[in-house]
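Notes for the structure review
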Amino acid sequence: MQKQIQNPELFVLGAGPGDPDLMTIKGFKVLQQANVILYDNLANKELLAISRDDCEKVYVGKQPYGDYTPQETIHELIKHYAFTKGNVVRLKGGDPFIFGRGFEEIIYAREHGITTHYIPGVTSMQASGLEDIPLTHRQVSESVWMVTGTKKDGSLSADLTCAMHSNATVVIYMGMKKLAEITSAYIKAGKGDTPAAIIQHASLPQQKSAKGKVSDLEAIAADNQLTYPAIIIIGDVVNVKN
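Residues numbered from 1 in each chain as written. Predicted model: local features only at pLDDT ≥ 70, side-chain atom pairs only at ≥ 80, totals over all residues. Heavy atoms only, no water.

Here we come to unusual backbone geometry. With an omega dihedral of 0°, the bond running from Tyr228 to Pro229 counts as a cis peptide bond. With respect to the helices and strands, the residue Pro229 is situated in the loop between helix H6 (217-223) and strand S10 (230-234). The backbone phi angle of Phe99 is positive, close to 55°, even though this residue is not glycine. A positive phi angle, close to 60°, is found at Asp132, a residue other than glycine. By the secondary structure assignment, Asp132 is in the loop between strand S5 (115-119) and strand S6 (144-148). (Helix = DSSP H or I, 4+ residues; strand = E, 2+ residues; numbered from the N terminus.)

In structure tokens, the structure reads:
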């Protein structure tokens with residue numbers, strides 16, 4: 001029978017938007033010390049090379065609208081490896097607490113006597129600046145709404161209705177399957193001419209984007225072959241340099 005670790009630890013670590021150089025120094029150090037890494041689909045695989053050769057790497061990713069590792073399985077793996085290996089890093093794309101399930105994993109770990117640590121990551125919307133789109137800009141936008149395009153039940157977040165009636169920049173995560181619904185909501189609100197952009201693979205060498213009006217989001221995506229993973233940015237900040 002394998003001896004149980006007396007001081008198990010879980011590190012929930014944000015891998016950033018894609019470019020491995022955008023991960024924090026603290027995150028780098030944590031990866032160097034990891035005994036096990038449970039990594040997501042959107043975490044850059046180059047980051048795994050930071051760890052020791054004897055570190056065990058386990059893929060627990062979720063392909064958008066495709067194959068995925070059930071969250072319950074991830075929880076069980078966290079518990080298993082924490083008590084058999086001691087030091088587990090849960091490597092998640094972006095920031096684990098922004099439309100990720102990082103805090104659920106921390107709660108689960110704590111319930112099972114595992115010491116937890118959270119290391120923030122750069123979230124993908126912050127990479128909008130790489131396309132000259134500031135999230136806020138004086139006299140243009142003084143706040144930002146982050147909205148998930150797809151809730152647990154598959155529906156579009158009702159918060160979008162509130163967001164579109166403000167002057168804030170609206171950033172929609174996981175919304176590429178909801179372009180028609182997003183467009184329809186803005187048109188019904190009389191805001192179809194609002195500037196919009198789609199950024200795919202933000203911060204990576206294959207990053208690409210396109211801009212237009214929110215009423216044309218479907219055409220923008222189709223004409224420029226844009227798909228997930230991508231973020232949608234809606235607001236006057238999209239054209240602030242023009």
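Taken together, Phe97, Phe103, Ile107 and Tyr118 make up a surface patch of nonpolar side chains, about 340 Å² in accessible area. The topology assignment puts Phe97 in the loop between strand S4 (87-92) and helix H3 (102-111). The partly exposed category is assigned to Phe97, whose relative accessible area is 35%. (Patch = residues over 30% accessible without salt bridge, like charges linked within 9 Å, V, L, I, M, F, W, Y side chains within 5 Å. Areas by Shrake-Rupley, 256 points an atom, 1.4 Å probe, with all protein chains shown as cover. Salt bridge = Lys/Arg side-chain N within 4 Å of Asp/Glu carboxyl O. Buried < 20%, exposed > 50% of the residue type's maximum accessible area, 1.4 Å probe, protein only.)

Turning our eyes to something else, we now look at the sheet that holds strand S7 (residues 169-173). Within a sheet, neighbouring strands are paired by backbone hydrogen bonds and run either parallel or antiparallel to one another. Sheet architecture is open: 5 strands sit in the order S6-S7-S10-S8-S9, paired in mixed fashion. Of all the strands in the sheet, the pair left with one neighbour each is S6 and strand S9 (208-213). The mean angle between the axes of side-by-side strands here comes to 20°, regardless of whether they run parallel or antiparallel. In terms of strand pairing, strand S8 (residues 195-200) meets S10 through 5 bridges, oriented antiparallel. Opposite Ala196, over in S10, you have Ile234 as the bridge partner. (Pairing = 2+ DSSP bridges. Axes fitted to C-alpha atoms, helices over the stretch in contact; angles between N-to-C directions.)

So, about the nonpolar core. Core analysis: the largest hydrophobic core is formed by 22 residues, its most contacted members being Leu160, Ile182, Ile198, Ile232 and Ile234. Residue assignment for this core shows that the elements contributing at least two residues are helix H4 (159-164), S7, helix H5 (179-188), S8, H6 and S10. Formed by 16 residues, the second largest nonpolar core is a distinct cluster that contains Ala15, Met23, Val30 and Leu31. (Core = buried A, V, L, I, M, F, W, Y, C linked by side-chain atoms within 4.5 Å.)

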